[in-house]
Structure formats: C-alpha cells, structure tokens
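Coordinate inspection notes
So the chains spell out like this:
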Amino acid sequence: MRIGKGDTASLILYIAMVFYIGRWGDPVAADEWGPSTPEHWSENGIYVLRVDDDRRTLTLKAKRQNGFALRWSIPFPQEHAPYEAHITDDGRFVVLQDEHGEVGYGKVLVFLGATGNVLASYTLEDIITDAEILDAPSTISSVWWSSGGLFFFPAQQTQFAFVTAQGTIRCFDLASGRMLALGPQLKAQVRGEAIQKSRDLLCSDDAGERIHGAAVAAALGDKESIPALKRLLDDPTAESVHWVYEDMTGDHQAYRVRLAAGRALVKLLGANAAPLIDARLRGANDYMAYHWIPMLADTGAAGSSEELRKLTRSRNRDIRSSAIRALLKSDGGTALRQSMQWLRDKNQDVRYRAIRVLAENAQENDAALLRAALKDADPVIGMWALHGLVQLDVPDLDEVLRRQAQRDDHVGDDAILELARRGDVASLQQLVGWLDDRYTDADKRERRGRQRWNVSELCKVLAAKQPPGAEAVLRPMSETPYPRVQRPALGALAALGHEDALERVRGFAGKGDALDRADAIEWLGICKDARSLDSLHAALKDEEPWVRDAAREALKAMPAEVLQAWRKTRAQKMRPKPAERTHDQSMIPLALLVTLAVGIAAVGLLRRFRGRSS
C-alpha cells in the first residue's frame, strides 16, 4: 500500500489495520490441537453457542422456526476458545469449561450472564486443591483435571456443579457465578443428582457414555451401581471383534466398556471384586488377559486366583511375566516364598521383581533367603537383597554392610552408600574420597562409568550429612562436562546453600535431555527454594512425562505456606494494571481510530466533490 503525502485518512486507516491484525491474529496452536469445537448446544437443542476462531468471538443464538435469533455476541473472555461450554435450557446462563489447547490452564471456568457479561471466572487453583492438581494426568499442553469427571446443571438450573474423578464436588450459583459453601444438605443434593446422571449414563446406548458413567460411579463411591457395572463386564461392544490382538499394549476401542466397568468395580469393591475379574480372566484372549491381570492385582486378592497361577506357566512371555508380577504384588511375598525358582528365572524382569518384592515385604524369617541372595551372580539381585536386610535391620547389619562394602560392584557401592546414610563418619569420608577418585577426572570417570547411575544418590547423602571435605569434592565435579555428574554436584552445592549453584540448577531445569532436566528439577524440590517455583511450574508442561512427574513431586515437597504465597503473588502479577487495557477495552481505541479514519476520509471526499461542483 502506497501512502501519498498528506493522505492522513489513509495513514490512520493503515495503522488501524496493522493494529487490528497484530491484536487479533490467529494464535499459534499448541500440541497440534487443530480447530476448536465450532458449536456447543444446550441439552434441549434450542440454544447454540458458536465459536469463531478467526474473529475470536462467541455468539449465542436461539433456534426458531425460520432460523436463529441472536441473543448476544462477545469477544473471547478466555485467552483461547472454550474447550467445553454448558448452556442452560432457557439460554440465560453459559458456563465455559477450560480453554482449547490448554486444558487446566488460564480460566478453567467462566460464568456468563444473560447478555454475555462475565459474572465470574476461576483458575484451577481456585477450585481444587494443589494435591489434586498435581495428581491429575498431564500432557505437554494440558492438566486433564476434568477427565473422567461430570459437569452439569442440577435440576432447577439455578446452579452449576461438577464432580472430579477423585470425587471432589463443587457447586456454583449461576446468577452470580459465586462458588457456594458445601454444607451437608447441598453436598448430598449435588451428589444425589450426580449419581442419578451416572446411572443414566451406564444405561446409555452409546459406549462412550457407558464408560463415562462407570468412571463417575467409581468417583462417587456409588455401590448401588454395582449390579449395572457387573452387567457391563459382559458388555456386547466387543462381540464384533473375532481376533486376538498381537499388540497387547495398545489402547484398542474394543472391550473398553468391559475394562471400564472392571476398574470401577475394583475401586468400589476392593478385594471382593477379585472373583468377578478372575471369572473374566478364564478363557480371555491375550489382549484381555493382559489387561485383566493387573486389574486383578489391584484388588489385593490375586493370590487366591488359580487361573492367575496357571498363567504363570503361559507360553506367552508377556502374559507369564504379567501374571507373576501380579502375584508378587498382591500377597506380600507369599507366592514368592512358594515359588523361589522365580529368583533364578531366565526372564530378567521376573528375577528383578521377585527379589524386589521379597526385599520390600521382608519378614524376620526371610533373612536367611536374603543373605543367600547376596551371593547371587547378578548384582541387581544382591542389591535388593541388601536393601531387604536394611529394611529388616538385622542385628549384625553394620557388619554385613562393611563386608559387602569391600565388593567391587553395585552391591559394594550400595553398602558404602547405606553406611554413609546411617551417619558412619568413616564411610562418609570414604564416600568423599570415592567421588573424588572416580568422578573428578573425566577420563577415569569414563573408564569406571558403571557407577555413574548413582552419583545423584551419593550427592544427596553429602548434601544431607555435610561431611568435612564434601564441598571441596563437589566443586570440581560441578565443572565436569558430563551432565550426569555435573547436575547432582550442583544440586548438592545448592542444597548446601550456594546461590551460584542454585541459579545454575534452575537454568538446567529447562534445557538438556530429559534425564538431566528431571534431575535438576528433583534438586530444586530438595532445596525447597521459593524462587524455583516458576521453573517447576513451567516444567509441568515439559514434553517428556517423567520430567512432568519430577516437577509434580518437587512441588509436592514444597511447604504449603511457600506454595500459597507464590500463587498469591503470581495471581497479582497476572491482574491487569490500572493503566493497562483489558481484552474488551482494547476494542474501544480501535473502534475510535477506525471511526476517525472514516470520518476524515469522508470529509476529504466531500471537499473534493464540492470543489468539482464549483
């Protein structure tokens, strides 16, 4: 566009166009989400909320015989389009739930009044606890707090309520958007209506709704739904599938209703669900067996299943391993004590799980088995045997540890580490010397790289016990070019109070490979430094799930008062300053600017027309 000298109207109009495009251009989609849902309907099918991603507007219309009547149209009240929208049957109120592309972030609930006016809005921290937020499933873009929950208008449609998968109930007044205090009477009312809706879903013709109903029934602890759930264990959805899946780890759509019913029954009945799951295990194809087995283990009563014991001899390696794991998990080591050959099984995973279960559930009469396992040729078996003896705290434990500390393998490493944890001064000094010998020199570290995996654990002991000479060893380690050594050393120095090390650890939380990021985040949790909370919160959206898990655990380790103070400060920062324009207000100068441009252009045209006439 060429702007001529003195063409003021064109210049202003051009500026207005640039401002408009810059302010209202398409947002960059996260996680390849694709377009948002274009229409959300009320349950009675009369009202529709239309989403215009290009114009960033929400428009509510009422269905009429001759088309649609406009009720209102507003700019997005959230940063992005709504993920879900709930509309009352009279069209007076709309509740927006979550944001498309960023579920769980920003405004997760927005209450709109009769003219589309915002009555109230809430972030996730406003409506559920930190613990529930951190326990919710997460992806790179989202915290799926609403997954498996139920969101609805109670009978009179003067309130809005939800129940999360963890059973949390909240209720809001629609006229004001205010969250209501849940007294016994209101809570019972909301719970009762939610239970009825979940029972209706269990009887739905739609498989997805039956799955949803099963999850909600379990969240609400509705034991009267048990007969319906039992019927769904034989749901006909799967009858059209006549083959056995080779890939037993995939989330295939077939059988999903049966599995959802099984999970709900396990949650509602506990050990009493074991016979029901065991009955489905008999004669199941490999795909279903692979899913029923861990479910049976979750009941805590898998040890009584003869079918499961048969599957420990299955020719299918995955089924056999899964069956053994289920038995090991469920009975505190009883099955292992009856099948000690699992400690010598050809399958490494079986051996590992067997000794781990024995160690974690060690009883006094298991000490002899654990002492024998210390001599196993596989050092992993020996490591867990040593762990079991530590758990039992056998009378001669110090002697056992010192003897095993002479070994030049992982068992010896763990023995030194345990002695150091127990505060043994000589072992702490040995640990300092060991780290100095093995990790300061890069070439030597490479030659003796087998101990690399436990550097982080060793540094945690130094940080906790602070033996003399620890800092002198950690400093050169923190300068090595090898991340697996550098990160833990910096973390330990940070835990010892060194500000420069803490700053570097905070920086590493957002770069490097996933293991390095997770390690740095773990150290931030150990240091419990309030200034790290921004880094930890950012890590909740990391592309790797184990980094997100590390961030959740680090946040859980933070003192509650530190988290509360941080959230309050963060909320204040997010509020617009008095001099700043809000989302709605930003349209006012734009409208004035465009109006001014049009007015000036009209005046110019009028003058030209008069000039020609004269």
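These notes cover the structure that comes with them.

By size, the foremost hydrophobic cluster in this structure holds 72 residues, and its most contacted members are L308, W342 and I355. The contacts of L308, once residues within four sequence positions are left out, are L281, I293, L296, A302, A323, A326 and L327. M477, L502, A518 and L533 belong to the second-largest nonpolar core, a separate cluster that totals 61 residues.

Here the structure, examined in full by the defined rule, presents 22 salt bridges. A salt bridge links K460 to E522; the shortest N-O distance between them is 2.6 Å. Taken together, the positions of K460 in helix α20 (residues 455-465) and E522 in helix α24 (residues 514-527) put the pair 62 residues apart, joining distant regions of the chain. Given the relative accessible area of 35%, E522 is considered partly exposed. A single network of salt bridges, built from pairs that share partners, joins D135, E553 and K556.

What follows concerns unusual backbone geometry. Its identity as a non-glycine residue notwithstanding, R56 has a phi of 55 degrees, on the positive side. Along the chain, R56 turns up in the loop between β2 (47-52) and β3 (57-64). A residue is classified by how much of its surface remains accessible, and R56, at 6% relative accessible area, is buried. Phi is positive for D98, close to 65 degrees, though the residue is something other than glycine. Mapped onto the elements, D98 comes out in strand β6 (residues 94-99).

Another point: the sheet that holds β6. The strand order across the open sheet built from four strands is β5-β6-β7-β8, with neighbouring strands paired in antiparallel fashion. Strands at the two margins of the open sheet, each flanked by one partner only, are β5 (82-87) and β8 (118-122). Strand-to-strand twist of the sheet, defined as the mean angle between neighbouring strand axes without regard to direction, takes the value 15 degrees. Relative to β6, β5 is paired through five bridges, and the arrangement is antiparallel. If you follow E84 over to β6, its bridge partner there is Q97.

Applying the stated criterion across every chain yields a total of 14 aromatic pairs. With a centroid separation of 5.9 Å and an interplanar angle of 70 degrees, the aromatic rings of Y83 and W144 are classed as edge-to-face. Of this pair, Y83 sits in strand β5 while W144 is found in the loop between α3 (130-135) and β9 (150-152), placing the two residues 61 residues apart along the sequence. Residue classification places W144 among the partly exposed residues on the basis of a relative accessible area of 22%. Put simply, the rings of F111, Y122, W145, F151, F153, F160, F162 and F172 pair up and form one aromatic cluster. Residue placement shows R487 over the ring face of F508; its charged tip is 3.7 Å from the ring centre. Between K541 and the ring centre of Y105, over which it is positioned, the NZ or CZ distance is 4.4 Å.

Read from one edge to the other, the open sheet built from four strands follows the order β1-β2-β3-β4, with strand pairing classed as antiparallel. The open sheet has two free edges, formed respectively by β1 (39-41) and β4 (67-75), since each of these has just one partner strand. In this sheet, neighbouring strand axes are inclined to one another by 20 degrees on average, regardless of whether the strands run parallel or antiparallel. By the bridge criterion, three bridges tie β1 to β2 in an arrangement that is antiparallel. The residue of β2 that forms the bridge with H40 is L49.

Rules used in this analysis
Sequence order as written defines the numbering, with residues in each chain counted from 1. Residue-level local features of this predicted model are given only where pLDDT is at least 70; pairs of side-chain atoms are given and counted only at 80 or more, and the full residue set underlies all totals for whole chains, interfaces and linings. Heavy atoms from the whole structure form the basis of all side-chain values; hydrogens and water molecules are not counted. Take the buried residues of types Ala, Val, Leu, Ile, Met, Phe, Trp, Tyr and Cys, join any two whose side-chain atoms come within 4.5 Å, and each joined set is a nonpolar core. For each residue, the accessible area found with a 1.4 Å probe, counting protein chains only, is set against the maximum for its type, and the residue is called buried under 20%, exposed over 50%, and partly exposed in between. We call two residues in contact when some of their heavy atoms are within 4.5 Å. Salt bridges, as used here, are contacts in which a Lys or Arg side-chain nitrogen is within 4 Å of a carboxyl oxygen on Asp or Glu. Every helix listed is a DSSP run of H or I at least four residues long, and every strand listed is a run of E at least two residues long, numbered separately from the N terminus. The criterion for strand pairing is that DSSP finds at least two bridges linking the strands in question. Where helices are involved, their axes are fitted lines through C-alpha atoms of the stretch in contact, as for all axes, and angles between N-to-C directions lie from 0 to 180°. Two rings belonging to Phe, Tyr or Trp (six-membered ring only in the last case) form a pair when the distance between their centres is within 6.5 Å. Interplanar angles under 30 degrees mark stacking, angles over 60 mark edge-to-face geometry, and anything in between is tilted. Placement of a charge over a ring requires the Lys NZ or Arg CZ to be within 6 Å of the ring centre, with the centre-to-atom vector within 35 degrees of the ring normal.

Any link to function would need more than the numbers given here.
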